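Analysis of the macromolecular model
Here is what each chain is made of, one letter per residue.
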Amino acid sequence: MRRAWAAVWRFVELWSWVAVHSCKELWQWAVPRCAAALRRARLRAPFAPALREAIRLRFEATTREDPLTGARLWSPRGRTHIFAMATGVLITVVAAAVVLAVSAFSGPSGDSLAARAPSSTVATVSPPPNTILTSDFEDGSAQDWVAGAGAKIKGTTAAAHTGRHSLQVTRRGNGQQGAWHNLQGKLSPDAGYTLTTWVRLTGNGPATSLRMTVSWGWASAVQDDVVATVEANGATWARLEAQYSPVTAVDLLSVRVEPAGGAADFLLDDFTVTQHAPPPRSVPALREIFAGSFDVGAAISTQQATGPEADLVKRQFGSVTPTAAMKWTATEPRPGEFTFGDSDKIVNFATSNGMKIRGHTLVWHNQTPDWVFTDDNGQPMTPTPQNKALLLARMSDHIRTLVERYRGKITAWDVVNEVINDDGTLRQSRWYQIAGLDYIRTAFTVAHAADPAAKLCINDVNLTGPSRRDAMYDLVADLLAEGVPVDCIGSQTHVNISVPSPAALAASIEKFAKLGVDQQITEMDMSVYTDNTSSYPTVPPGLLAQQAAQYKALFAVLLRYRDQISSVTFWGVADNQTWLSTYPIPRVDAPLLFGTDLAPKPAFWAIVANPG
Ligand code: XIL
């Protein structure tokens, strides 16, 4: 830059000189103005007098005094001078332009600086224009990096990829981690990023793998993704580089660099994060992601078997359950009068799209018409042997008709639903009051005879609560001992963003595993409320983050016990239609993996990322 200024200065000097030699009047006029202009341009004080002196000497050398008038006239030598000076001006202008262009466009190259690094004092690499974060450690500090467990970090001049400083990561001892950089709030799910850094071992020990890991998620559910690995040694710098695009808004996001194993000390330098357009992202399908673990299904209404929700169901789910279409009120509203319009629609939708079907539900205390419990005299049934026989006959007929109709198409049936209370006692439903446990025994026996291949489930709510869980265990153990064909325990899994704990879910799965029966998650959804009274006008984003964490944590348990669990069904498709918008009170809830716009929510991304 200094050279450029010198060239410009020479040009100004010569221009002034030419001007005063061209016209005496101009000379009178120009000098004070030139001086003022130079002052305005804040040129240094000694400069203006020096210029004036130079011009005066030139002026006197190239003019002579007219002896008659006393005026100053050009000497012949002066004309030659003017021509020479004009040529000089031209050459200076061209030279100045070249100097300026060279100093403006020739940044020092990274490679050459790397080679000279130890002796260089001013070297820096100009980051690409879309760079949003850099750490060059040239101020000698660790900048935005912190030490991971067991590690020590500090700025060092021991070696540098560029400049004089890098970050030294040492004394890792038994520590598993290296250096961390917090990225929370700096990356957006709407963009793509390139994360780059350079690494080198400090000593001349054996080469070892260094890796870059992005850690993301929510307080109780953090996911580590190793995004780049490189073989590093003590002689040359190696580059760790990764493309990364956050899948969703998260509470925790950081990147760390560390050896893939062992405790080698290393150097890190020139970390950059550049931003670019997000990569085209296809939404993965739950049915494929969990294919090796369990079927993933959704409960649907007949309306959801057409239109955009049907498209979403076809893409995402491998199994469907009718929300209401197979309940007793829908299929046999009057004695012996069966209506299968709605249930057929759902069965046809599923079979024509290669999906499995869970039948729900043959015997329940809700959504069962009153006529079922009315005796032949039109009176509510009392617990008499005649009424018991009549009730079991009606039930058997109902079960046989449904199960035979869909034999070979429905892979699993919820045979009886919600037969146990929260405190572990048997629910005093009209079924139980009139027929005792025989209604359960008969229901399974008749269903099995109607379709021996279908899996028959006893389905209940809140099976993570110890009382109901243990009562279910005892009941199924007794039924199995009697030879009742119970194939599976269905756990509804209507949960919320803080209950149950993953440990409670694991405990119930482990307990039922001892019975040797299949387990199915039959009605999973997750309220954003933890009580029956609160209500938000719109669901706060923080709760969707908490929901993502809870879904991730519970799914981690389901995956851990994948050998026990054959299917996981969500009670709905997307938040635009959920039974929780009216139960337990009318309120906005958002319990599913897809939003009201049918787009994947944080909870979706939380469970599909590295499902294990
Ligand atoms: C719910 C449906 O989702 C609602 O549309 C209907 O009005 C009531 O039943 N446990 C069950 C399901 O076993 O059958 C219930 O489904 C939700 C609770």
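Residues numbered from 1 in each chain as written. Predicted model: local features only at pLDDT ≥ 70, side-chain atom pairs only at ≥ 80, totals over all residues. Heavy atoms only, no water.

**Considerations on the overall build of the protein**
In plain terms, the rule: Going along the chain from the N terminus, every DSSP run of H or I of four or more residues is numbered as a helix, and every run of E of two or more is numbered as a strand. Burial classes: relative accessible area under 20% of the type maximum marks a residue as buried, over 50% as exposed, and values in between as partly exposed (1.4 Å probe, protein chains only). Contact definition: two residues touch when any of their heavy atoms are within 4.5 Å. Only the protein chains shown count as cover for residues, and the accessible areas themselves come from Shrake-Rupley with a 1.4 Å probe.
For the protein, the helix and strand inventory stands at 16 helices and 22 strands. Looking at the protein as a whole, 48% of its 612 residues qualify as buried. Restricting to contacts in the protein with at least 6 residues of sequence separation, those with at least 24 account for 74%. Carbon and sulfur atoms make up 55% of the accessible area of the protein, which amounts to about 28300 Å² in all.

**Side note on the sheet that holds strand 9 (residues 208-218)**
How we decide: For two strands to count as paired, DSSP must find a minimum of two bridges between them. Every axis in this analysis is a line fitted to C-alpha atoms, fitted for helices over the stretch in contact. Angles between the N-to-C directions lie between 0 and 180 degrees.
One open sheet accounts for five strands, arranged 4-7-12-9-10; its pairing is antiparallel. Looking at which strands have only one partner, the edges of the open sheet turn out to be strand 4 (145-147) and strand 10 (221-232). Direction aside, neighbouring strands of the sheet carry axes that sit 25° apart on average.

**A few points about the pattern of salt bridges**
Under the convention used in this document: Salt bridges are counted wherever a side-chain nitrogen of Lys or Arg sits within 4 Å of a carboxyl oxygen of Asp or Glu.
The tally for this structure, following the rule as stated, stands at 21 salt bridges. Taking the shortest distance from any N to any O, the salt bridge between Arg405 and Asp344 comes out at 2.6 Å. Of this pair, Arg405 sits in helix 10 (residues 385-405) while Asp344 sits in helix 9 (residues 341-352), and the two are 61 residues apart along the sequence. Residues Asp414 and Arg358 are paired through a salt bridge, measuring 2.7 Å at the closest nitrogen-oxygen approach. A residue pair is termed long-range when its members are at least 10 positions apart, and Asp414 in strand 17 (residues 412-417) and Arg358 in strand 16 (residues 356-363) qualify at 56 residues. Taking relative accessible area as the criterion, Asp414 reaches 1% and is therefore assigned buried. A single network of salt bridges, built from pairs that share partners, joins Arg211, Asp224, Arg256 and Glu258.

**Some remarks on the site of the ligand**
We count it as follows: In this text, near means that some heavy atom of the residue lies within 4 Å of the molecule or strand in question. Here a polar contact means two N or O atoms within 3.5 Å. Within protein one must be a hydrogen donor candidate and the other an acceptor candidate, and residues neighboring in sequence count only if both atoms are side-chain atoms. A 1.4 Å probe that fits into a set of points on a 1 Å grid over the protein atoms alone but cannot get out defines a cavity; an open set with protein on both sides within 12 Å along at least five of seven lines defines a pocket, and lining residues are those with an atom within 4 Å of a point. A molecule is counted as occupying a cavity or pocket when more than half of its atoms fall within 2 Å of that pocket's grid points.
Residues in contact with the ligand, as listed here, are Thr323, Lys327, His360, Trp364, Gln367, Asn417, Glu418, Gln492, His494, Glu523, Trp571 and Trp579. Here an oxygen atom of the ligand and a side-chain polar atom of Lys327 are 2.8 Å apart. A distance of 2.7 Å separates an oxygen atom of the ligand from a polar atom in the side chain of His360. In the complex, 75% of the free accessible area of the ligand, which totals 410 Å², lies under the protein chains. If you map the ligand onto the pockets, it falls in the largest pocket.

**Looking at the packing of helix 13 (residues 466-482) against helix 14 (residues 502-513)**
Our working rule: Just so you know how the angles are binned, under 35 degrees is roughly parallel, over 145 roughly antiparallel, 65 to 115 roughly perpendicular, and the rest oblique. Three residue categories are used. Nonpolar comprises Ala, Val, Leu, Ile, Met, Phe, Trp, Tyr, Cys and Pro, charged comprises Asp, Glu, Lys and Arg, and polar comprises the others, including Gly.
Two elements in contact, helix 13 and helix 14, have axes separated by 10 Å at closest approach and are oriented at 10°. Between helix 13 and helix 14, the angle falls in the class roughly parallel. Judged by residue contacts, Arg469, Asp470, Met472 and Tyr473 of helix 13 engage Ala507, Ser508, Lys511 and Phe512 from helix 14. Here the residues of the contact of helix 13 with helix 14 are counted per class, giving four nonpolar, one polar and three charged.

**Thoughts on the packing of helix 10 against helix 12 (residues 438-450)**
Definition in use: Helix crossings fall into two classes, left-handed where the near helix is turned counterclockwise from the far one by less than a right angle and right-handed where it is turned clockwise.
At a minimum axis distance of 9 Å, the contact between helix 10 and helix 12 shows a crossing angle of 30°. When the axes of helix 10 and helix 12 are compared, the pair comes out roughly parallel. Here the hand of the crossing between helix 10 and helix 12 comes out right-handed. Across the interface between the two elements, Lys388, Leu392, Met395, Ser396, Ile399, Arg400, Val403 and Glu404 of helix 10 pack against Asp438, Tyr439, Thr442, Ala443, Val446, Ala447 and Ala450 of helix 12. Classifying every residue of the contact of helix 10 with helix 12 by side-chain character gives nine nonpolar, two polar and four charged.

**Structural notes on the environment of Thr578**
As for its placement among the helices and strands, Thr578 is situated in the loop between strand 22 (565-570) and helix 16 (602-608). Judged by its relative accessible area of 8%, Thr578 falls in the buried class. Sequence spacing of Thr578 and Asp589 is eleven residues, and the spatial spacing of their C-alpha atoms is 7.9 Å. Those residues in contact with Thr578 that sit more than four places away from it in its chain are Asp589 and Pro591.

**A short note on the packing of aromatic side chains**
Here is the rule: Centre distance within 6.5 Å is the pairing criterion for rings of Phe, Tyr and Trp, where only the six-membered ring of Trp is used; planes under 30 degrees apart are then read as stacked, over 60 as edge-to-face, and the remainder as tilted. In this scheme, the term charge over a ring applies when either NZ of a lysine or CZ of an arginine sits within 6 Å of the ring centre and within 35 degrees of the ring normal.
If you walk through the whole model with that rule in mind, you get 19 aromatic pairs. Within the aromatic cluster, the residues linked to one another by ring pairs are Phe290, Phe294, Phe317, Tyr551, Phe555, Phe570, Phe594, Phe604 and Trp605. A cation over a ring is seen here: Lys511 above Tyr473, with NZ or CZ 4.7 Å from the ring centre. Directly above the ring of Tyr529 sits Arg587, whose terminal nitrogen or CZ lies 3.9 Å from the centroid.

**Observations regarding the side chain of Ser293**
Secondary-structure assignment places Ser293 in the loop between helix 6 (286-289) and strand 14 (295-300). On the basis of relative accessibility, which here comes to 14%, the residue Ser293 falls in the buried class. Setting aside residues no more than four positions away along its own chain, Ser293 makes contact with Leu559, Arg562 and Ile565.

**Overview of the environment of Tyr244**
Along the chain, Tyr244 falls in strand 11 (residues 238-244). Judged by relative accessible area, Tyr244 falls into the buried class, the value being 10%. Residues Tyr244 and Leu195, 49 residues apart in the sequence, show an inter-C-alpha distance of 7.2 Å. For Tyr244, the residues in contact, after removing those within four places along its chain, are Leu187, Gly192, Tyr193, Leu195, Val214, Trp216, Val227 and Leu253.

Such coordinate-based values are descriptive only and should not be taken to indicate function.
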